[in-house]
Each structure stands twice: as C-alpha cells, then as structure tokens.
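Structural description and commentary
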Protein chains: 2
Amino acid sequence: MRLKKNPDSAISLRAAGMKATPQRCAILHVLDSSDRPLSVEDIRQELGDESGVPTIYRNLQSFVDQGWAESLVGVDQVMRFVRCHSTGHHHHLQCEGCGRTVEVQTCAVEASLAALGQPAGFRVTRHQLALYGLCPECQHQ
Amino acid sequence: MRLKKNPDSAISLRAAGMKATPQRCAILHVLDSSDRPLSVEDIRQELGDESGVPTIYRNLQSFVDQGWAESLVGVDQVMRFVRCHSTGHHHHLQCEGCGRTVEVQTCAVEASLAALGQPAGFRVTRHQLALYGLCPECQHQ
DNA sequence: TTTGTTGCAAAGGGTTTGCAGGAGA
DNA sequence: TCTCCTGCAAACCCTTTGCAACAAA
C-alpha cells in the first residue's frame, strides 16, 4: 500500500486539529479497511515499511484519544487496534476462525450489573466484555 | 516472608506430581493469601527477593496449567495472577479503590449469549467478562 | 514561518530461555 | 541416585522516548 492522502480522512483529521500527513492518513485507512484487530506490526507490513514503528504507535494513540479506535491487549500481551464506528458503549465480537470482528451495540451485562455485585456488596461501575465465537462463514466449515 | 513449606500446599503440589520446593510453596502461599491480582514483581517483593523472577514465572505457569490460578493481562500489559477457588466458569469483580478481587459465580452473560451473536450471525462460544466497581469499604469513603 | 510530525536509534521493561549447580523424593 | 527445580545471565520483543530533520498549514 502506498502512502496517499484520502480526502475524507484528511478532513476528519484536520477537524480534530491534526495535520493530515500521508502516514497518518494511511494508518487510518488501513484501520478502516480491516474488520479485525490489527497489531502495529500488521499495520507496518500493510504499509510496506513506508512508515516507522514509532509513528504508527503515536498515531494509533491519537486515534484512541479521539475515540476513533480502541486498543485491546490479548493474552499474548500485544496491543491490537480496532476502528470504532459507534461512539457509545459497545462490545466486540470476534470470530475465532478468521479473526473478523464486529461491534455489538446491545450490552448483555448492563441489566444484570446491580445483581452481579450484590452478593459481595460491590457497586459495579464499569465492565469489559469480550465475546468470541464463529462467524457465519466459519460455522459452515 | 520467609521461604517455608506449608504442609497443605506441599500435599497439593505432590498430588499434582510436582516437587514441593520452598519457593514453590511460598509462591502458592502468597497467591493464596492475597485477595487481589498479583504481578510477578508483587510476589517477588512479598518474598523478599528470596526467589528469582524466572522461578516465579515458571511456577505461576504451572499453577495456571493446574487450574489453581488464572492469569490476567491488564491495560498496562503486565501479567497478573489470581488464585482460583472455584473450578467452573466464573468472573472476577475487582474494586477500583483498593484492588480487592472476589469471584462471582453467577454469569450475567450466559443467558444472553445466543441473542448477542444473532444480529451478526455469530455463534458465541466463549466470553471474557471483567467487572470493576467499589467494594463496601471503598463506597463509604 | 511556525508548529506539529516523522524517522532513526537507543533506551526501557516485562517475560522467556539456556545451562550449570543444587535439592527434593 | 535420579530427576526436577532454581538461579543467574543473557536474550527477546514489544513499546516508548529523545532529538534532529522535515513537511503541513
């Protein structure tokens, strides 16, 4: 993938007070095009070494700060990033077959939060839910 | 904390085919005594440098393999370990005030699993839920 | 021109591995 | 005694930082 400016990305970036550099636009585009969480290494390979690792880290952090992406830490302790298309509270549902990820708007836990903490006297304020399963395609294999 | 053998630990360890070394017993005891997730560094300090870091890592891994402990990776990408007292499916509820952790046997998500994946056609097979809140003591401060 | 951004290199820090010496059973 | 375990040191690897050169606006 070549470094080029996507007009849409550039507008969003500038609206957020960031300069629309080719690297930054390209990283955002890679994230946009992928439906699975990407590591920094994934992105670097996708960009064909045309962007340095520190640059990728720094830009991804900016995107997370803007609420455009979310960072996940897996069991392998490697950071991965997913583009967030909804702004509110949501969860990610990841296919264990192909790695594809979709956002789930409905929160399965919210209704039970009070009940969950009650036995221990806890007041639950926050939660993190990761869902894993098989997407339609992978179920047929 | 001194390195000493706890008779109970020793029995469990030998039953699992492991030698009951002082280090191993001590690590298990530290984990047993704590009600919050501990990093390797936490354990090393608790043991007063009487056990090497690689030894702690190796033993914790054995405990996880035995189902005696669970490893968690936080946003800081540091591994933490908690003693598991129940063998089945459960979740952890952690206090954001003092760090104390309790196990929650009831699973808030199980009932909704099918419904969660339905919109995307996913079949949900596995999930991870982390709950954060305030324990009774910390609510009063 | 000004300010933010990139790239390189190096540092940082948690985790893992290899191997020789040591201790449990 | 035999096997497993420990400790040390070094290797690994992902991530972050410092700084000078560069480019967007």
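Residues numbered from 1 in each chain as written. Chains lettered and ligands numbered in written order. Predicted model: local features only at pLDDT ≥ 70, side-chain atom pairs only at ≥ 80, totals over all residues. Heavy atoms only, no water.

1. Some words on the protein's contact with DNA strand D
Neighbouring residues of DNA strand D: 20 residues in total, closest Arg14, Tyr57 and Met79 of chain A together with Lys19 and Thr21 of chain B. In the interface set of DNA strand D, defined as its atoms within 4 Å of the protein, sugar plus phosphate atoms amount to 69%. Between Met79 of chain A and DNA strand D, the recorded distance is 2.7 Å, taken from a backbone N or O atom to a phosphate oxygen. In the model, a sugar or linking oxygen of DNA strand D is placed 2.9 Å from a nitrogen or oxygen of the Gln23 of chain B side chain. Mapped onto the surface near DNA strand D, the elements with two or more residues apiece are helix 4 (53-66) of chain A together with helix 2 (22-33) and helix 4 (53-66) of chain B. In terms of residue count, the dominant contributor to the surface near DNA strand D is helix 4 of chain B (four residues). Residues belonging to the surface near DNA strand D are distributed by class as follows: six nonpolar, seven polar and seven charged. (Near = heavy atom within 4 Å. Polar contact = N/O pair within 3.5 Å; in protein donor to acceptor, adjacent residues only side chain to side chain. Helix = DSSP H or I, 4+ residues; strand = E, 2+ residues; numbered from the N terminus. Nonpolar A, V, L, I, M, F, W, Y, C, P; charged D, E, K, R; others polar.)

2. What about the sheet that holds strand 1 (residues 38-39) of chain A?
Residue and element names in this part refer to chain A. If you walk across this open sheet you meet the three strands as 1-3-2, and the pairing is antiparallel. Of all the strands in the sheet, the pair left with one neighbour each is strand 1 and strand 2 (69-73). One ladder, built from five bridges, connects strand 2 with strand 3 (residues 79-83); its direction is antiparallel. In the sheet register, Val73 faces strand 3, and the bridge partner there is Met79. Strands strand 1, strand 2 and strand 3 of the sheet are contacted by helix 2 (residues 22-33), whose axis makes an angle of about 80 degrees with strand 3. On the sheet, helix 4 packs against strand 2 and strand 3 and is oriented at approximately 115 degrees with respect to strand 2. (Pairing = 2+ DSSP bridges. Contact = heavy atoms within 4.5 Å. Axes fitted to C-alpha atoms, helices over the stretch in contact; angles between N-to-C directions.)

3. Brief notes about the packing of helix 2 of chain B against helix 4 of chain B
Residues and elements named next belong to chain B. It is at 10 Å that the axes of helix 2 and helix 4 come closest, and there the two elements cross at 65 degrees. In this view, helix 2 runs roughly perpendicular relative to helix 4, as classed from their interaxial angle. Of the two possible hands of crossing, helix 2 and helix 4 adopt the one that is right-handed. Seen from helix 2, the contacting residues are Gln23, Arg24, Ile27, Leu28 and Leu31; seen from helix 4, they are Thr55, Ile56, Asn59, Leu60 and Phe63. Of the residues belonging to the contact of helix 2 with helix 4, the class tally is six nonpolar, three polar and one charged. (Parallel < 35°, antiparallel > 145°, perpendicular 65-115°, else oblique. Left-handed = near helix turned anticlockwise from the far one by under 90°.)

4. Considering the sheet that holds strand 3 (residues 79-83) of chain B
Residue and element names in this part refer to chain B. One open sheet accounts for three strands, arranged 1-3-2; its pairing is antiparallel. Every other strand in the sheet has two partners, leaving strand 1 (38-39) and strand 2 (69-73) as the edge strands with one partner each. Each of strand 1, strand 2 and strand 3 is contacted by helix 2, which is oriented at about 80 degrees to strand 3, the strand it contacts most.

5. Observations regarding the nonpolar core
Counting residues in each nonpolar core, the largest one holds 28 residues, and the members touching the most others are Val109, Leu116 and Leu131 of chain A together with Val109, Leu116 and Leu131 of chain B. Only strand 4 (91-95), helix 5 (113-117) and strand 6 (123-134) of chain A together with strand 4 (91-95), helix 5 (113-117) and strand 6 (123-134) of chain B provide two or more residues apiece to this core. Setting aside anything within four residues of it in sequence, one finds Val109 of chain A in contact with Leu116, His127 and Leu129 of chain A together with Ala108, Val109, Leu129 and Leu131 of chain B. (Core = buried A, V, L, I, M, F, W, Y, C linked by side-chain atoms within 4.5 Å. Buried < 20%, exposed > 50% of the residue type's maximum accessible area, 1.4 Å probe, protein only.)

6. Some remarks on the interface of chain A and chain B
Facing the 37 residues of chain A at the interface are 37 residues of chain B. When the area that chain A buries against chain B is broken down by residue, the three leading residues are Gln77, Leu116 and Phe122 of chain A, summing to 21%. On the surface where chain A and chain B come into contact, there are two salt bridges. Here Arg126 of chain B ties to Glu96 of chain A by a salt bridge, and the two come within 2.7 Å at their closest N and O atoms. For the pair chain A and chain B, the interface holds 15 residue pairs in polar contact (both at pLDDT 80 or more). Elements with a minimum of two residues in the side of chain A that touches chain B: strand 4, strand 5 (101-104), helix 5, strand 6 and helix 6 (136-139) of chain A. Looking at which element gives the most residues to the side of chain A that touches chain B, the answer is strand 6 of chain A, with 12 residues. Residue composition of the side of chain A that touches chain B, grouped by class: 21 nonpolar, 12 polar and four charged. (Buried area = accessible area lost by both parts, 1.4 Å probe. Salt bridge = Lys/Arg side-chain N within 4 Å of Asp/Glu carboxyl O.)

7. Some remarks on the relation of the copies chain A and chain B
Both copies of the chain are tied together by a single rotation about an axis and a shift running along it. Placing chain A over chain B gives an RMSD of 0.1 Å and needs a rotation angle of 180 degrees, together with 0.0 Å of translation along the axis. The transformation relating the two chain copies, once decomposed into turn and shift, fits a two-fold axis. In terms of proximity to the rotation axis, the leading residue of chain A is Leu129 of chain A, whose C-alpha is 2.2 Å off the axis. (Least-squares fit on C-alpha atoms with pLDDT ≥ 70 in both.)

8. Thoughts on the pairing of strand 3 of chain A
Each regular strand shows side chains that alternate between the opposite faces of the sheet. All names here are of chain A. Bridge count between strand 1 and strand 3: two bridges; the pairing is antiparallel. Bridging across to strand 3, Leu38 finds its partner in Phe81. In this antiparallel pair of consecutive strands, strand 2 and strand 3, the connection spans five residues, and Gln77 shows a positive phi of 65 degrees.

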